[in-house]
Amino acid sequence: MKLKDEIEYVNGTIGRKVIAENASGSAVLMAFDINAAIGTHTAPAIAIVQILEGTCLFTLEDKELTLKAGDYLVMQPGTKHSLRAPERFKMLLTKLNA
């Protein structure tokens with residue numbers, strides 16, 4: 001079984017599928033259609049982002065990063081970030097409540 005096969009793209013938007021969740025946190029698959037974006041925000045939890053397919057433009061604080069399949073990053077609570085899709089991509093977001 002491959003995680004990237006557990007979610008489909010939805011035209012013009014961001015698909016989400018919760019694969020695990022409890023009081024400690026959650027694991028959410030996300031599929032971004034081309035040009036889909038999430039504006040600047042923070043999270044109250046530790047967040048681990050793993051790119052499963054495609055390419056993501058990820059802004060961490062004020063630094064833009066290009067993340068590709070196989071890349072990951074870890075953010076501490078309160079870290080400003082945003083995402084956008086120059087092409088379709090899929091990712092796994094794991095939140096660990098602090």
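Keep in mind it's a predicted model, so treat the numbers as computed, not measured.

### Some points on the nonpolar core
Among the nonpolar cores identified, the biggest contains 18 residues, and Phe32, Val49, Phe58, Phe89 and Met91 are the most heavily contacted of them. For this core, the secondary-structure elements that each account for two or more residues are strand E2 (25-32), strand E4 (45-60), strand E6 (72-75) and strand E8 (89-97). Ranked by the residues each element gives to this core, the list is headed by E4, at five residues.

### Quick look at the layout of surface pockets
As a volume, the largest pocket reaches approximately 220 Å³. Lining the largest pocket we find 17 residues, and of these Met30, His41, His81, Leu93 and Lys95 sit closest to its centre. Contributions of two or more residues to the lining of the largest pocket are made by E2, strand E3 (37-41), E4, strand E7 (81-84) and E8. The residue inventory of the lining of the largest pocket, partitioned by class, reads 12 nonpolar, three polar and two charged.

### Here's the deal with the pattern of salt bridges
Tallying each qualifying case throughout the model produces four salt bridges. The partner of Glu53 in a salt bridge is Lys4, with the nearest N and O atoms 3.7 Å apart. On the criterion of sequence distance, the pair formed by Glu53 in strand E4 and Lys4 in the segment before strand E1 (14-22) is long-range, its members being 49 residues apart. For Glu53, a relative accessible area of 23% translates into the label partly exposed.

About the cut-offs
Residues numbered from 1 in each chain as written. Predicted model: local features only at pLDDT ≥ 70, side-chain atom pairs only at ≥ 80, totals over all residues. Heavy atoms only, no water. Core = buried A, V, L, I, M, F, W, Y, C linked by side-chain atoms within 4.5 Å. Buried < 20%, exposed > 50% of the residue type's maximum accessible area, 1.4 Å probe, protein only. Helix = DSSP H or I, 4+ residues; strand = E, 2+ residues; numbered from the N terminus. 1 Å grid on protein atoms, 1.4 Å probe; cavity = no way out; pocket = protein on both sides within 12 Å on 5 of 7 lines; lining within 4 Å. Points joined across faces, edges and corners; volume = space filled by probe spheres on them. Nonpolar A, V, L, I, M, F, W, Y, C, P; charged D, E, K, R; others polar. Salt bridge = Lys/Arg side-chain N within 4 Å of Asp/Glu carboxyl O.

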